[in-house]
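# A structural walkthrough
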Amino acid sequence: MARHFLPIGYLHRYVDLLALHKLNVLHLHLTDDQGWRMPVDAYPRLTTVGARRARSQKGPAGPQGAEFDSVSHEGAYTKAELRGLVRYAAERGVTVVPEIEMPGHVRAALAAYPELGNRPERRLEVWDRWGVCDTILGVHEEVFAFCRTVLEEVMDLFPSPYIHIGGEECPTTEWEQSPAARERAAAEGLAGPAALHGWFMGRIGAFLVERGRIPLGWAVSGTELPLDFTVMAWRDASHARAAARRGHQVIAAYHRRTYLDYAQSGDPYEPVAQPGDPVTLRTVHGYEPAPAEWPAEERARVLGTQGQLWTEYVRTPEEIEYLSYPRLCALADRSWSGGRDGWPGFVERLRHHTARLDALGVPYRPLDARSPATAPTP
């Protein structure tokens, strides 16, 4: 919800739909370049400044949607709302896992507190475009004090054993250009500024472990995070196994099978979605997070899978549900039962299950019909 904020009441509804499908985790992405959505008492500007972004003056780019955000946007949750969501979810068997991005994807935080960056004299706005921003946290001790303080408040709100700290898509250009970062790398005996990434994640991961939590992070290759991290492998299907082979606990989230912000089909009436080939219902159902041919010890390290729905191009609850369903039905079926009766059996059961979605007013892509009336208006 970092890229487009959605009200807390809708998150309650989404939890209800997850619970209906026995999906037991809500991974809540609370910070990014485009917005900071959780209040931190020690750093109030994170939401008074970091939760708001102005309309981009750059305009749209590309046939799949806007590379730049075309409207101003703001929003943040209160601590009472987040505590209530955690409680509501727990009553339904769902754990809320928070994500606080670092050391990249922090443009909103740097707009609020520029002294945390590599160029403290620079004044930034909350980012108004999508993609990977090259402004990242510095590596001076004030930054680590900030991260520890924020995470202490996060842990106070979220009892989840897992705390996600992002970690990927972190360009190191600013560190390479910063005399202070280069000096830090040399002082720590690192090969160069690029190695500060693993060092940074190691320090924050150790902080969480000391407090009885499990650090969780995105991995570009599957093997770059410290061993006490649980790895969320997304870039390539082989990376989950690479992480498991190294000894990590793994959540398999290969983007071409589990990213629900891609369109469900190439039909022209589909809502605007992430650029790229569609991720179809059958593709999701066919995903095997830990294939049978893997050695047993590697399979045992795969905790499960999850679906991702980034909100660059998703602005309304109707669009979220249309992109989620019925693909989350397929993810749940594959995750819990292994697709025991195959694709035909799943489709037959899904035809009965859609009556429940209809009763709940869930917009979803129909299994057969191709009618513009069935998709939310972009």
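Use the structure listed above.
Residues numbered from 1 in each chain as written. Predicted model: local features only at pLDDT ≥ 70, side-chain atom pairs only at ≥ 80, totals over all residues. Heavy atoms only, no water.

### Some points on the overall build of the protein chain
Rules: What counts as a helix is a DSSP run of H or I of at least four residues, what counts as a strand is a run of E of at least two, and both are numbered from the N terminus. Every radius of gyration here is taken over C-alpha atoms, with the globule rule written as 2.2 Å times N^0.38, N being the number of residues. Any two residues whose heavy atoms approach within 4.5 Å are treated as being in contact. Exposure was quantified through the Shrake-Rupley algorithm and a 1.4 Å probe, taking into account, for residues, occlusion by the shown protein chains and nothing else.
Along the backbone of the protein chain there are 15 helices and 11 strands. Taken against the 2.2 N^0.38 rule, which gives 21 Å for 378 residues, the C-alpha radius of gyration of the protein chain at 21 Å falls within 12% of a compact globule. Considering only C-alpha atoms, the protein chain reaches an extent of 60 × 50 × 40 Å along its principal axes. For the protein chain, restricting intrachain contacts to residue pairs at least 6 apart in sequence, the fraction spanning at least 24 positions comes to 70%. Accessible surface, the protein chain: about 15,700 Å² in total, of which carbon and sulfur atoms supply 52%.

### Some thoughts on the packing of aromatic side chains
Two numbers describe a pair of aromatic rings. These are the distance of the centres and the angle of the planes. Put simply, the test is: Each aromatic pair joins two rings of Phe, Tyr and Trp (for Trp, the six-membered one) with centres within 6.5 Å, and gets the label stacked for planes under 30 degrees apart, edge-to-face for over 60, and tilted for any other angle. Think of it in three bands: residues with accessible area under 20% of the maximum for their type are buried, residues over 50% are exposed, and the middle band is partly exposed, with areas taken using a 1.4 Å probe on protein chains only. Only Lys NZ and Arg CZ are tested; either one counts as a charge over a ring when it is within 6 Å of the ring centre and within 35 degrees of the ring normal.
With the rule as written, the count across this model stands at 11 aromatic pairs. When the ring of tyrosine 10 is compared with that of tyrosine 14, the centres are 6.1 Å apart and the planes differ by 55°; the resulting orientation is tilted. One end of the pair is tyrosine 10 and the other is tyrosine 14, both in helix 1 (residues 8–20) and 4 residues apart, which spans about a single turn. For the residue pair tyrosine 10 and tyrosine 14, the accessibility class agrees, reading buried in each case. Their ring planes at 20° and their centres at 6.2 Å tell us that tryptophan 234 and tyrosine 259 sit as a pair that is stacked. Of this pair, tryptophan 234 sits in the loop between strand 9 (230–233) and helix 9 (237–246) while tyrosine 259 sits in the loop between helix 10 (255–258) and helix 11 (281–285), and the two are 25 residues apart along the sequence. As far as the burial class goes, tryptophan 234 and tyrosine 259 line up, both buried. Residue placement shows arginine 92 over the ring face of tyrosine 88; its charged tip is 3.5 Å from the ring centre. Cation over ring: arginine 256 sits above tyrosine 262, and NZ or CZ is 4.4 Å from the ring centre.

### Examining helix 14 (residues 327–337)
The buried fraction of helix 14 is high, at 8 of 11 residues. Listed in full, the buried residues belonging to helix 14 are Arg327, Leu328, Cys329, Ala330, Leu331, Ala332, Asp333 and Arg334. The inward-facing, buried residues of helix 14 contact helix 1, helix 10, helix 11, strand 11 (302–305), helix 13 (317–324) and helix 15 (342–359). Remark: glycine 338 follows helix 14 within two positions and exhibits a positive phi of approximately 70°.

### Re the pairing of strand 9
Here is the rule we go by: Pairing between two strands is assigned when DSSP locates at least 2 bridges connecting them. With the strands aimed away from the viewer, a crossover counts as right-handed if its path from the first strand over the helix to the second runs clockwise.
Every second residue of strand 9 is oriented toward a common face, with Thr230 and Met232 on one face and Val231 and Ala233 on the other, all of them buried. Examined bridge by bridge, strand 8 (residues 214–219) and strand 9 share 4 bridges and lie parallel to one another. Each residue of the ladder has a partner; that of leucine 216, found in strand 9, is threonine 230. Of the strand pairs in this sheet, strand 9 and strand 10 (residues 250–252) are connected by 3 bridges, and their pairing is parallel. Bridging across to strand 10, alanine 233 finds its partner in alanine 252. In this fold, strand 9 hands off to helix 9, which returns the chain to strand 10; that crossover is right-handed.

### Comments concerning the packing of helix 3 (residues 79–90) against helix 5 (residues 141–157)
Heads up, the rule is: Helix axes are fitted to C-alpha atoms over the stretch in contact, other axes to C-alpha atoms as well, and angles between N-to-C directions run from 0 to 180 degrees. For classification purposes, an angle smaller than 35 degrees is called roughly parallel, one larger than 145 roughly antiparallel, one from 65 to 115 roughly perpendicular, and anything else oblique. Side-chain classes follow a simple rule in which Ala, Val, Leu, Ile, Met, Phe, Trp, Tyr, Cys and Pro form the nonpolar group, Asp, Glu, Lys and Arg form the charged group, and the remainder, Gly included, forms the polar group.
Relative to each other, helix 3 and helix 5 sit at 45°, their axes nearing to 9 Å. Viewed along their axes, helix 3 and helix 5 adopt a mutual orientation that is oblique. Across the interface between the two elements, Lys79, Leu82, Arg83 and Val86 of helix 3 pack against Glu153, Asp156 and Leu157 of helix 5. In terms of residue class, the contact of helix 3 with helix 5 is made up of 3 nonpolar, no polar and 4 charged.

### Details of the environment of proline 271
Structurally, the position occupied by proline 271 is in the loop between helix 10 and helix 11. Here proline 271 falls in the buried class, since its relative accessible area comes to 5%. Note: C-alpha distance between proline 271 and glutamate 319 (48 residues apart in sequence) is 7.2 Å.

### Overview of the nonpolar core
Note the following rule: Grouping buried Ala, Val, Leu, Ile, Met, Phe, Trp, Tyr and Cys residues that are joined through side-chain atoms within 4.5 Å yields what is termed a nonpolar core.
Formed by 110 residues in total, the largest nonpolar core has its most connected members in Trp36, Leu46, Leu151 and Phe200. Excluding anything up to four places from it in sequence, leucine 46 contacts Trp36, Val40, Ala51, Ala109, Ala112, Tyr113, Phe146 and Val150.

### Regarding the state of the cysteines
In plain terms, the rule: Here, the term disulfide refers to a pair of cysteine sulfur atoms separated by no more than 2.5 Å.
Going through the model one piece at a time under the given rule, you end up with 0 disulfides. Between cysteine 133, a free cysteine, and cysteine 170, which holds the nearest cysteine sulfur, the sulfur-to-sulfur gap is 11 Å. The exposure class assigned to cysteine 133 is buried, which follows from its relative accessible area of 2%. In this structure cysteine 147 is not part of a disulfide, and its nearest cysteine sulfur, from cysteine 170, lies 11 Å away.

### Focus on the pairing of strand 8
For strand 8, a buried count of 5 out of 6 residues is recorded, marking the element as mostly surrounded by other parts of the structure. Here strand 7 (residues 162–166) runs beside strand 8; their pairing, made up of 3 bridges, is parallel. Bridged to tyrosine 162 within strand 8 is isoleucine 214.

### Some points on the environment of alanine 89
Here alanine 89 shows up in helix 3. Accessibility expressed as a relative area gives 0% for alanine 89, which makes it buried. Each C-alpha atom of the pair alanine 89 and aspartate 261 lies 23 Å from the other, and the pair is 172 residues apart in sequence. Among residues more than four places away in sequence, those in contact with alanine 89 are Val15, Val94 and Val96.

### Points about the sheet that holds strand 10
Two orientations exist for strands paired in a sheet by backbone hydrogen bonds: parallel and antiparallel. Spatial ordering of the open sheet is given by 1-6-7-8-9-10-11, a layout of 7 strands whose pairing is parallel. With one partner strand each, in any of the chains shown, strand 1 (25–29) and strand 11 form the two edges of the open sheet. Mean inter-strand twist for the sheet, computed between neighbouring axes without regard to direction, equals 25°. On top of the sheet, helix 9 reaches strand 9 and strand 10; it is set at about 170° to strand 10, its chief contact.

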